[in-house]
Amino acid sequence: MRTPSKPMLFSLGICIGLIFFSINIALINFNRLVVPEQPLVLLNWHADGEKLEICLLGETLRLPNFGGTWPGLMQNMHEQVGILYSIGRDEFMRRLDPVQQKVRESIGWP
């Protein structure tokens, strides 16, 4: 199997970005014109008692809380995202490099 080229990956990134941008524009216009009192969001999650609720474009999935671990997991995820934003792109890519190498080894890519 061939390794994808940089232009191919760049084009794929642009296409995926355009799709999410289009979905976001559609949601903004839907919320403004159709149902402004109940805005629709692309992705939203929150812990509701014993369950974790994940809402994706209005569809709700409820998962068990597994003994209260979801709020701690969500807090940890928010902290990690904040750390990634604060360290900058170069440092993030340096930290991500070992993970990418392990994925390449498991897939069999060079």
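So, a few notes on the structure that sits alongside this text. (Residues numbered from 1 in each chain as written. Predicted model: local features only at pLDDT ≥ 70, side-chain atom pairs only at ≥ 80, totals over all residues. Heavy atoms only, no water.)

So, about the overall build of the protein chain. Of regular secondary structure, the protein chain possesses three helices and three strands. Listed N to C, the secondary structure of the protein chain is α-β-β-β-α-α in terms of helices and strands. Buried positions account for 8% of the 110 residues belonging to the protein chain. In the protein chain, of all internal contacts separated by at least 6 residues, the share reaching a separation of at least 24 is 17%. For the protein chain, the exposed surface amounts to about 9000 Å²; the carbon and sulfur share of it is 65%. (Helix = DSSP H or I, 4+ residues; strand = E, 2+ residues; numbered from the N terminus. Buried < 20%, exposed > 50% of the residue type's maximum accessible area, 1.4 Å probe, protein only. Contact = heavy atoms within 4.5 Å. Areas by Shrake-Rupley, 256 points an atom, 1.4 Å probe, with all protein chains shown as cover.)

Another point: the side chain of N31. Note that N31 resides in helix α1 (residues 6-33). Owing to a relative accessible area of 17%, N31 belongs among the buried residues under this scheme. Look past the residues within four positions of N31 in its chain and what remains in contact with it is P36, Q38, P39 and L40.

Turning our eyes to something else, we now look at the layout of surface pockets. When its volume is computed, the largest pocket comes out at roughly 260 Å³. Lining the largest pocket are T3, P4, S5, K6, L9, M93, Q100, V103, R104, I107 and W109. At the level of secondary structure, the elements contributing two or more residues to the lining of the largest pocket comprise α1 and α3 (89-107). Along the lines of polarity and charge, the residues of the lining of the largest pocket split into six nonpolar, three polar and two charged. (1 Å grid on protein atoms, 1.4 Å probe; cavity = no way out; pocket = protein on both sides within 12 Å on 5 of 7 lines; lining within 4 Å. Points joined across faces, edges and corners; volume = space filled by probe spheres on them. Nonpolar A, V, L, I, M, F, W, Y, C, P; charged D, E, K, R; others polar.)

Once that is clear, we can look at α3. Taking 1.5 Å as the rise per residue, α3 with 19 residues should run 27 Å; its terminal C-alpha atoms sit 25 Å apart, in good agreement. The axis of α3 is deflected most strongly, by about 35°, at D97, and proline P98 appears within four residues downstream. A positive phi of about 100° marks G108, the residue just after α3. (Expected span 1.5 Å × (residues − 1). Bend = angle between axes of the 7 residues up to and from the residue.)

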